There are 4 protein chains.
Amino acid sequence: MRFFSDNAAAVCPEVIAALTAANTLDTAYDGDALSRSLDARFSDLFETDVRALWVPTGTAANCLALAALTQPHGAVVCHHEAHIQQDEAGAPEFYTHGAKLLLADGEGAKLTPQTIAARIDGIRDDVHQVQPHAISITNATEYGLAYAPVEVAAIGALAKERGLGFHMDGARFANALVHLNCSPADLTWRAGVDALSFGFVKNGGMNAEALIFFRPELADATLYRRKRAGLLFSKGRYLAAQLLAMLDGDVWLRNARAANEGAALLARAAGDRLVYPVEANEVFLKASAEEAAKLRGLGFDFYDWAPGEIRLVISWDQAAETIRPLAEAIRAL
Amino acid sequence: MRFFSDNAAAVCPEVIAALTAANTLDTAYDGDALSRSLDARFSDLFETDVRALWVPTGTAANCLALAALTQPHGAVVCHHEAHIQQDEAGAPEFYTHGAKLLLADGEGAKLTPQTIAARIDGIRDDVHQVQPHAISITNATEYGLAYAPVEVAAIGALAKERGLGFHMDGARFANALVHLNCSPADLTWRAGVDALSFGFVKNGGMNAEALIFFRPELADATLYRRKRAGLLFSKGRYLAAQLLAMLDGDVWLRNARAANEGAALLARAAGDRLVYPVEANEVFLKASAEEAAKLRGLGFDFYDWAPGEIRLVISWDQAAETIRPLAEAIRAL
Amino acid sequence: MRFFSDNAAAVCPEVIAALTAANTLDTAYDGDALSRSLDARFSDLFETDVRALWVPTGTAANCLALAALTQPHGAVVCHHEAHIQQDEAGAPEFYTHGAKLLLADGEGAKLTPQTIAARIDGIRDDVHQVQPHAISITNATEYGLAYAPVEVAAIGALAKERGLGFHMDGARFANALVHLNCSPADLTWRAGVDALSFGFVKNGGMNAEALIFFRPELADATLYRRKRAGLLFSKGRYLAAQLLAMLDGDVWLRNARAANEGAALLARAAGDRLVYPVEANEVFLKASAEEAAKLRGLGFDFYDWAPGEIRLVISWDQAAETIRPLAEAIRAL
Amino acid sequence: MRFFSDNAAAVCPEVIAALTAANTLDTAYDGDALSRSLDARFSDLFETDVRALWVPTGTAANCLALAALTQPHGAVVCHHEAHIQQDEAGAPEFYTHGAKLLLADGEGAKLTPQTIAARIDGIRDDVHQVQPHAISITNATEYGLAYAPVEVAAIGALAKERGLGFHMDGARFANALVHLNCSPADLTWRAGVDALSFGFVKNGGMNAEALIFFRPELADATLYRRKRAGLLFSKGRYLAAQLLAMLDGDVWLRNARAANEGAALLARAAGDRLVYPVEANEVFLKASAEEAAKLRGLGFDFYDWAPGEIRLVISWDQAAETIRPLAEAIRAL
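Residues numbered from 1 in each chain as written. Chains lettered and ligands numbered in written order. Predicted model: local features only at pLDDT ≥ 70, side-chain atom pairs only at ≥ 80, totals over all residues. Heavy atoms only, no water.

- By the naming in an unreviewed UniProt entry, chain A goes by Low specificity L-threonine aldolase and is assigned to Stakelama flava.
- As stated in UniProt under Cofactor (unreviewed entry), the record for chain A gives "pyridoxal 5'-phosphate". (UniProt positions renumbered as here; feature names shortened; annotations may be inferred.)

Written out as structure tokens, the structure is:
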């Protein structure tokens, strides 16, 4: 049984159905009816006028957002364990033409206004030092922690005060949102966020993510950058269809809830072993090498995060009955 | 009836079926069984050891190939009407970090050793002038002309003599191949081609193209560049599945033949109006503004290529009976 | 006797004297008194508020200007024989992160609103085609022709109408100006120019050029880019000193006049052999290979520009008596 | 009296004399006799075949070296206080097209094989993480500490073992060398260094540094990159002349010795206040805000490095009698 990551799970049936339904001729690129409906659809969801672009990967969404907020000679402040720093192969530097990532600290890969300020306050305001242009946070974080609206807003206030753009990597935005039980608006633009990488792939999509701009003018140059990066699909309707299929009937929330509930089930079994509170669909556990081996011997697959620490991720399609045996096994360690 | 382009046609049923069949858990990125089978499968097809990478768009395939063959301070020789120059929004410059495109001439967007040499022979061999590093041709060309193996080989010989890399943009490689009735090997590496953008999307795929390296070592750094460009899908198996489904049972050849036959049907109707011989699935016709309007009035949709000239493109799924009315209408002009 | 180029001539005595005079301690980079005086000094000269930055080479000046006026996904329209296209090794692409150069035509490397429009009018306004962001002209041109204020203004009007930035490469700005006998203001910002590469090196300087922004806000990000390109000298005062020494007492005009007069002397000797009118310090002559060999045999050194054509350039320090023998030899051919 | 930095000191008389002596016509760029003599002259100095290029700034030297050793998708390991990370405005990212700097630790800005390994050993060997391509150290370090040949060699061995390029930022190479009393060869290529930024400007030059490649083939593409960065001066002989003038009669060693001796004089006065041993021409002292104010009140100018810490730098031209008063003042604190 695989608890390795949610990034390789199967695609939810609504998406498959939507791809089949979209399989007729329409205009190329993003000129088709489905793509053209995205702005309105996401504007409804976010209760404000947004620009919504499909992109195929979370890395692409993140890096187009950063390129919209940061000049090549500027910098992005992020956590030293942020995905954009650790796992995107230098894509932020590629898309921004060499902007720096300034690495800040914080428990559970979570930034605060204080840790951000601590990283940038010492930067001299001269041309020799790279100046910050934007802040990027991940919600839920790389450790499955959710920033609440008030926490986002505190960082948003700092961004505004310092004249910095504010990006949220929401690869697991849905998981954070259902945990917080707040509105998408409260978690984003009302808290000062300028651009959101709104993840669908980890949550049951195939290969479509949404890049949302809460400052609509940021989309203008991004449309050129998306094409220039080889990301403008000629049959874009098959990406739009995925996003729409998951918004319809709140499939995206249903899927995220299922994954979070599975994680909660494991969290209850884990007790003191938990490294972090479980607020999304990721569970980080203390487990010795022997214990990890024992779990693997029982057929459970997962990631060795650090010495004495393992990571278990629940996907949208893992039913409770398939998770319970792992919960039992953890209890029995 | 749409004859505007083949880039927005529906997806062929084998691809849809393959996506559904692939819809179970497997390893992420390109670690799944389908992705791992690509090298062998394309090596069989090309009768030599190749490295085959899925990428989502033709622009991505072209630009990763160019980045593998050209340093940032170098240049790529291509036709002044090449897709990489005209329709990729500067993606070659983005991926190569600013290499120049050197524009050569030729009827029907076709290069020859002579026109290439004419473009580069005047370049002084000093550090002030950008030196050519690679040649890129499109087969079939932007005007639907096929380079025969002997024509490719002549350019390949020049590339070798000058120490230049050699890329083929094969967005309509299948259409060229079925017209020429030669082997994939003869049209590529045996003629000196180093890298091929092997198009599937215009030929019935959804969002997967193959990037083929005939010098396998070129793939090594490309794997990093693919990720760095945000092009490494976490659920890569849905791209591999498309390519494999179209290789199986020669669906790719069947689709290309169908499109070419439709174009041939129009070509016979067009007679003297043809601007170029029809060797793939594109038909360029002389037609006055009034004639174009008449055709549109009959419900046919197409591209106004130039004053007095229209472009008709046949897709894999356009049956002869849907094309005949257009053929009649052209005859009746 | 060398007529090869003005780019390697000796440095005028005022510059040498200024370097010696500057040889005391002052603040580093551009914080010294000399550097800080540049804005005011050039604002006086141009009769408007400008920002003036020293840079070491004309290529650096040109490319920083282009980077200020063009986004990476945009393009610069220039003549196909422009120095930025032909002789800067791809530096414009490096500094702009891959913007394209769109090549327009014109006799004597001179653009007009018509030839510029002819190059860009066919560009579709969509994300697939690289959109023009700026125009760059060279004054005097690569063939030694001067754009008069009215000609510059016509291009400036087009730039304004199309929303394009406007850059002037003035490697030989002084030579054009003394020929036209107009004010620096009339030849630049009053005619719509946004940024000027103001050449001093070819005119008797050692290694300092001035980059002038007539829209002062363009200088802000340029200060970062100058440092980021490794162009911010710690002992910047030795660059500022050169510029100031040549403005003092109108040394720059004196030097340019001397060079132009030498060229005029040759032009009178050349008669029908002239390929272009001589409006600066360059003389392009029809001369067969035998004639060129004969001149070389007499000890004159020059550039074989094209088959049957030679280029003679007069430097600021070539006295009439050293030029007359060449004039005689040309007459005697 | 200024102890702020050595980067703004006056130029030594031999350099001024050489500029005057070079003030005759010669071939442009690096085709002149002086520039062409550099390879041989530096090869003599380093007792091996090297390629030696003039460049105008230390940032340019560093970044051209890094670009020769690192691909855009790779990384450079350096100290978190290295000049390339802290004070070059993102120039390394500009020149390498976005390679990452991986920041390692160490007292006095000094790396060791252990701290380097600690930074890179955790990097997974996959395409998601940026892989190290090169190591860069500064000798003398940003805190004025000298790496001895044996220390450099230990890092060189690690570089070789891991297949990494090895760059030395020698902005104060001369100061380190005279302290260590070893040969230039022992401190560089014999210890595994591939490329050296050999500083002359801080040591009495005007605006010329030497970029030395101990693997000569690395120079080939660098010549293109130097031009592409706008760094190829048309009157390059005035840069070559500076380097040669300082090699002649070991002026570079004389100047460095003078600066080091001044620093040693202060070090003896400082006693327990020293933060680091003084091995070059920089002195870091513990000094309270009150003490710093007192020194400033006496007319001494310096850099407030950190709370409770000041930096004093001695330039080549500061005579002992001008330093003694500061030494007295420090003693008297």
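1. Describing the overall build of chain A
Part 1 of the argument: When its secondary structure is counted, chain A shows 15 helices and ten strands.
Part 2 of the argument: Expected size for 333 residues packed as a compact globule is a radius of gyration near 20 Å; at 20 Å, chain A falls within 12% of this value.
Part 3 of the argument: Overall, the C-alpha framework of chain A stretches about 55 × 55 × 30 Å when taken along its three principal axes.
Part 4 of the argument: By residue count, 66% of the 333 residues in chain A fall in the buried class.
Part 5 of the argument: Taking the intrachain contacts of chain A between residues at least 6 apart in sequence as the baseline, contacts between residues at least 24 apart amount to 75%.
Part 6 of the argument: Across chain A, 30 positive and 41 negative side-chain charges occur, with their mean positions spaced 3 Å apart. (Helix = DSSP H or I, 4+ residues; strand = E, 2+ residues; numbered from the N terminus. Rg over C-alpha atoms; globule rule 2.2 N^0.38 Å. Buried < 20%, exposed > 50% of the residue type's maximum accessible area, 1.4 Å probe, protein only. Contact = heavy atoms within 4.5 Å. Lys, Arg positive; Asp, Glu negative; His and termini not counted. Charge placed at Lys NZ, Arg CZ, Asp CG, Glu CD.)

2. Digging into the relation of the copies chain D and chain A
Part 1 of the argument: The two copies are related by a screw motion: chain D maps onto chain A through a turn of 180 degrees and a shift of 0.0 Å along the axis, at an RMSD of 0.0 Å. Each copy turns onto its partner about a two-fold axis. Minimal C-alpha distance to the rotation axis in chain D is attained by Gly 98 of chain D, lying at 2.0 Å.
Part 2 of the argument: An overlap of 100% is found between the interface residues of chain D and their copies at the interface of chain A, pointing to a shared contact surface. (Least-squares fit on C-alpha atoms with pLDDT ≥ 70 in both.)

3. Quick look at the environment of Gly 144 of chain C
Part 1 of the argument: Inspection of the secondary structure assignment puts Gly 144 of chain C in the loop between β4 (131-138) and α8 (149-162).
Part 2 of the argument: Those residues within four positions of Gly 144 of chain C in sequence are excluded, and the remaining contacts are Pro 277, Glu 279, Ala 280, Glu 282 and Phe 284 of chain C.

4. Some words on the sheet that holds strand β8 (residues 282-286) of chain B
Residues and elements named next belong to chain B.
Part 1 of the argument: Pairing in this open sheet of three strands is antiparallel, and the strands run β8-β10-β9 from one edge to the other. The sheet is open, and its two edges are formed by β8 and β9 (303-306), each paired on a single side. Put simply, the sheet's adjacent strands are angled 35 degrees from each other on average, direction ignored.
Part 2 of the argument: The pairing of β8 with strand β10 (residues 309-313) spans five bridges and is classified as antiparallel. Residue pairing across strands places Leu 285 opposite Ile 310, the latter belonging to β10.
Part 3 of the argument: Strand contacts of helix α14 (residues 289-297): β8, β9 and β10, with the helix running at about 165 degrees to β9, the strand carrying the most contacts. (Pairing = 2+ DSSP bridges. Axes fitted to C-alpha atoms, helices over the stretch in contact; angles between N-to-C directions.)

5. Observations concerning the packing of helix α9 (residues 173-180) of chain A against helix α13 (residues 251-270) of chain A
Residue and element names in this part refer to chain A.
Part 1 of the argument: Between α9 and α13, whose axes approach to 8 Å, the crossing angle comes to 80 degrees. The orientation of α9 with respect to α13, classified from their angle, is roughly perpendicular. On α13, the residues touching Phe 173, Ala 174, Asn 175, Leu 177, Val 178 and His 179 of α9 are Trp 252, Leu 253, Ala 256, Arg 257, Ala 259 and Asn 260.
Part 2 of the argument: Tallied by class, the residues present in the contact of α9 with α13 amount to eight nonpolar, three polar and one charged. (Parallel < 35°, antiparallel > 145°, perpendicular 65-115°, else oblique. Nonpolar A, V, L, I, M, F, W, Y, C, P; charged D, E, K, R; others polar.)

6. Section: the interface of chain A and chain B
Part 1 of the argument: In this assembly, 46 residues from chain A lie in contact with 46 residues from chain B.
Part 2 of the argument: Interface of chain A and chain B: buried area, both sides summed, is about 3,800 Å²; carbon and sulfur atoms make up 60% of it.
Part 3 of the argument: When the buried area of chain A at its contact with chain B is split by residue, Phe 94, Arg 228 and Lys 235 of chain A rank highest and sum to 20% of it.
Part 4 of the argument: Counting the contacts that link chain A with chain B gives 24 residue pairs in polar contact (both at pLDDT 80 or more).
Part 5 of the argument: Listed by contribution, the elements that provide at least two residues to the side of chain A that touches chain B are α1 (13-21), α4 (58-69), α6 (91-95), α11 (218-228) and α12 (237-247) of chain A.
Part 6 of the argument: Per element, the largest residue contribution to the side of chain A that touches chain B is four residues, and it comes from α6 of chain A.
Part 7 of the argument: Across the side of chain A that touches chain B, the residue classes break down as 23 nonpolar, 14 polar and nine charged. (Buried area = accessible area lost by both parts, 1.4 Å probe. Polar contact = N/O pair within 3.5 Å; in protein donor to acceptor, adjacent residues only side chain to side chain.)

7. Focus: the pattern of salt bridges
Part 1 of the argument: Applying the stated rule across the entire model yields 88 salt bridges over all chains.
Part 2 of the argument: One salt bridge connects Glu 291 of chain C with Arg 273 of chain C, and the closest N-O pair in it is separated by 2.8 Å. In this pair, Glu 291 of chain C sits in helix α14 (residues 289-297) while Arg 273 of chain C sits in the loop between α13 (251-270) and β8 (282-286), placing the two residues 18 residues apart along the sequence.
Part 3 of the argument: Owing to a relative accessible area of 18%, Arg 273 of chain C belongs among the buried residues under this scheme.
Part 4 of the argument: The salt bridge partner of Asp 39 of chain D is Arg 51 of chain D, with a shortest N-O separation of 3.6 Å. Separated by twelve residues along the polypeptide, Asp 39 of chain D in helix α3 (residues 38-46) and Arg 51 of chain D in strand β1 (residues 51-55) bring together distant segments of the chain. (Salt bridge = Lys/Arg side-chain N within 4 Å of Asp/Glu carboxyl O.)

8. Focus on the packing of aromatic side chains
The description of an aromatic ring pair rests on the distance of the ring centres and on the angle between the ring planes.
Part 1 of the argument: Taken as a whole and assessed by the stated rule, the structure comprises 78 aromatic pairs over all chains.
Part 2 of the argument: Relative to Phe 198 of chain B, the ring of Phe 46 of chain B lies with its centre 6.0 Å away and its plane at 80 degrees, an arrangement referred to as edge-to-face. Residue Phe 46 of chain B is located in helix α3 (residues 38-46), and its partner Phe 198 of chain B is located in strand β6 (residues 195-198); the two are separated by 152 residues in the primary sequence. A single burial state applies to Phe 46 of chain B and to Phe 198 of chain B, both of which are buried.
Part 3 of the argument: Centroid distance Phe 173 of chain C to Phe 198 of chain C: 5.1 Å. Interplanar angle 65 degrees. Geometry classified as edge-to-face. With Phe 173 of chain C in helix α9 (residues 173-180) and Phe 198 of chain C in strand β6 (residues 195-198), this residue pair connects regions lying 25 residues apart in the sequence. Take Phe 173 of chain C and Phe 198 of chain C: they sit in the same class, and that class is buried.
Part 4 of the argument: Three or more aromatic residues joined by ring pairs form one cluster here, namely Phe 42, Phe 46, Phe 173, Phe 198, Phe 200, Phe 214 and Trp 252 of chain A. (Phe/Tyr/Trp six-rings, centres within 6.5 Å; stacked < 30°, edge-to-face > 60°.)

9. Let's talk about the UniProt feature "domain: Aromatic amino acid beta-eliminating lyase/threonine aldolase" (unreviewed entry) in chain A
Part 1 of the argument: Mapped onto the present numbering, the UniProt feature "domain: Aromatic amino acid beta-eliminating lyase/threonine aldolase" (unreviewed entry) falls at residues 3-286 of chain A.
Part 2 of the argument: What you have in residues 3-286 of chain A is 42% helix and 15% strand, and the ends, taken at the C-alpha atoms, are 16 Å apart.

10. Description of the environment of His 97 of chain C
Part 1 of the argument: On the secondary structure map, His 97 of chain C appears in the loop between α6 (91-95) and β3 (100-104).
Part 2 of the argument: When the C-alpha positions of His 97 of chain C and Cys 63 of chain C are compared, they lie 11 Å apart, and in sequence the two are 34 residues distant.

11. Some points on helix α3 (residues 38-46) of chain C
Part 1 of the argument: Those residues of α3 of chain C that sit buried are Leu 38, Phe 42, Ser 43 and Phe 46 of chain C. Buried residues in α3 of chain C, looked at end-on, bunch into an arc of 125 degrees, giving them a common side. (Arc of directions from axis to C-beta.)

12. Some details on unusual backbone geometry
Part 1 of the argument: Looking along the chain, the bond that leaves Asn 139 of chain B and enters Ala 140 of chain B is cis, with omega of -5 degrees.
Part 2 of the argument: Here Ala 140 of chain B shows up in the loop between β4 (131-138) and α8 (149-162).
Part 3 of the argument: Phi is positive for Ala 89 of chain C, which is not a glycine, with a value near 60 degrees.
Part 4 of the argument: For Ala 89 of chain C, the location among the structural elements is in the loop between α5 (83-86) and α6.
Part 5 of the argument: The phi angle at Glu 47 of chain D is positive, at roughly 60 degrees, despite the residue not being glycine.
Part 6 of the argument: Mapped onto the elements, Glu 47 of chain D comes out in the loop between α3 and β1.
Part 7 of the argument: Assessed through its relative accessible area of 46%, Glu 47 of chain D is described here as partly exposed.

13. A closer look at the packing of helix α4 (residues 58-69) of chain B against helix α11 (residues 218-228) of chain B
Residue and element names in this part refer to chain B.
Part 1 of the argument: Between α4 and α11, whose axes approach to 10 Å, the crossing angle comes to 125 degrees. In terms of axis orientation, α4 runs oblique to α11. Here α4 runs over α11; the crossing is right-handed. In contact with Leu 64, Ala 67, Ala 68 and Leu 69 of α4, α11 contributes Leu 218, Thr 222, Arg 225 and Arg 226. (Left-handed = near helix turned anticlockwise from the far one by under 90°.)

14. Quick look at the confidence of the model for chain A
Part 1 of the argument: A residue-level look at chain A finds 100% of positions with pLDDT of 70 or above and a mean pLDDT of 97.
Part 2 of the argument: Predicted complex, confidence summary: ipTM 0.97, pTM 0.98. (pLDDT = per-residue confidence, 0-100.)

15. Focus on the sheet that holds strand β4 (residues 131-138) of chain A
Residue and element names in this part refer to chain A.
Part 1 of the argument: The mixed open sheet is built from seven strands, whose spatial order is β1-β7-β6-β5-β4-β2-β3. Of all strands in the sheet, those bounded by a partner on one side alone are β1 (51-55) and β3 (100-104). Mean inter-strand twist for the sheet, computed between neighbouring axes without regard to direction, equals 25 degrees.
Part 2 of the argument: Of the strand pairs in this sheet, β4 and strand β5 (residues 165-170) are connected by five bridges, and their pairing is parallel. Bridge pairing in β5 places Ile 135 opposite Phe 166.
Part 3 of the argument: Those strands touched by helix α3 (residues 38-46) are β1, β6 (195-198) and β7 (209-213), and its axis lies near 115 degrees from that of β1.
Part 4 of the argument: Where α4 meets the sheet, its contacts fall on β1, β2 (74-79), β4, β5, β6 and β7, and the angle it forms with β5 comes to roughly 175 degrees.

16. Notes on the state of the cysteines
Disulfide: a covalent bond formed between the sulfur atoms of two cysteine residues.
Residues and elements named next belong to chain D.
Part 1 of the argument: Going through the model one piece at a time under the given rule, you end up with zero disulfides over all chains.
Part 2 of the argument: With no disulfide of its own, Cys 63 lies 11 Å from the sulfur of Cys 78, the closest cysteine sulfur.
Part 3 of the argument: Relative accessible area serves as the criterion here: at 0%, Cys 63 is assigned to the buried category. (Disulfide = S-S within 2.5 Å.)

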